[in-house]
Amino acid sequence: MFEEYLKGNSIIHKLDPRVKLFFVLSLSIAIALSNNFGAITFGLLMGIIIILIARIEFRQIVKRLVVVNEFILLLWIILPISSPGKSLFDIFGLSVSYEGVILSLFLTLKCNAIMLIFIGLVATSSIFEIVHTLRHFFIPDKLVVLLFLIYRYSWVIFNEYEKIIKAIKARGFKAGTSLHTYRTIAYLIGGLLVKSYLRGESLYRAMQSRGFQGKFWLLDHFQFSTRDTLACLILTVANILIILIPWRIRF
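Here's a quick rundown of the structure. (Residues numbered from 1 in each chain as written. Predicted model: local features only at pLDDT ≥ 70, side-chain atom pairs only at ≥ 80, totals over all residues. Heavy atoms only, no water.)

### Points about the packing of helix α2 (residues 17-33) against helix α5 (residues 98-121)
So, point 1. At a minimum axis separation of 10 Å, α2 and α5 run at an interaxial angle of 175°. Between α2 and α5, the angle is such that the two are roughly antiparallel. Counting all contacts with α2, which are made through Lys20, Phe23, Val24, Leu27, Ser28, Ile31 and Ala32, the residues of α5 involved are Lys110, Ala113, Ile114, Ile117, Phe118 and Leu121.
So, point 2. The residue makeup of the contact of α2 with α5, split by class, is 10 nonpolar, 1 polar and 2 charged. (Axes fitted to C-alpha atoms, helices over the stretch in contact; angles between N-to-C directions. Helix = DSSP H or I, 4+ residues; strand = E, 2+ residues; numbered from the N terminus. Parallel < 35°, antiparallel > 145°, perpendicular 65-115°, else oblique. Contact = heavy atoms within 4.5 Å. Nonpolar A, V, L, I, M, F, W, Y, C, P; charged D, E, K, R; others polar.)

Have a look at this one:
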């Protein structure tokens, strides 16, 4: 999903994944729980700075943020007219409240700030580094293996889906409201389920033949450097500032 972000040689890419994962969690929690406009704005600024340091292409960032803000747009439609409070104006007979607009603005800033921080810190690490980091955080082995297999084989299933779509398009299929369309979609879903089951069976037999016992053994280990220590200090200060920044606008 974020494989395109791995190609880089920035300071962010070189940071210890343990540092990145820990601070993406702490910063995200601090931003999500804050009702402080200044703190949330500072969190958004932190996300932008991290993205700039990581030197991730602007087009890739916009592509991810568009998906997130499509859901936020629904909140802008619903919250201003459903939240009680001081009325700003009426539209189609519905009252748009000040509190609803402020709440929508806060949620927009929060979501975009957390997404930017996530892309800048976590998405610049490979899935193997993330899984390795989860082991260091004492996450149960079974859960780590499950998360890795979900990530790995969700893309395998998606590739199978694309192959089926290309195959039916090559045969001149055009979606409509006919019985033929519904039957084709049913065949597509059924074929995808069968392929998924067969792939799972072959994976299970392959792992059994290699003596897999529910645990990934680690051959390489992280090296904590001076660069990581400095990053910890900077991100800790940023986290404290997000919690302590004073501002008057609250809800």
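### A few points about empty space enclosed by the protein
So, point 1. Scanning all chains against the criterion turns up 1 cavity of 30 Å³ or more.
So, point 2. Counted as a void, the largest cavity has a volume near 40 Å³.
So, point 3. As for the largest cavity, its lining consists of Pro17, Lys20, Leu21, Leu121, Val122, Ser125 and Ile130.
So, point 4. Broken down by element, the residue count for the lining of the largest cavity peaks at 3 residues, all from α2.
So, point 5. Along the lines of polarity and charge, the residues of the lining of the largest cavity split into 5 nonpolar, 1 polar and 1 charged. (1 Å grid on protein atoms, 1.4 Å probe; cavity = no way out; pocket = protein on both sides within 12 Å on 5 of 7 lines; lining within 4 Å. Points joined across faces, edges and corners; volume = space filled by probe spheres on them.)

### Thoughts on unusual backbone geometry
So, point 1. In the Ramachandran plot, Arg55 falls in the positive-phi region, its phi being about 55° despite a non-glycine side chain.
So, point 2. Non-glycine residue Phe138 carries a positive phi angle of around 60°.
So, point 3. Structurally, Phe138 is set in the loop between α6 (127-136) and α7 (141-170).
So, point 4. The exposure class assigned to Phe138 is exposed, which follows from its relative accessible area of 76%. (Buried < 20%, exposed > 50% of the residue type's maximum accessible area, 1.4 Å probe, protein only.)

Read these as geometric descriptors, not functional statements.
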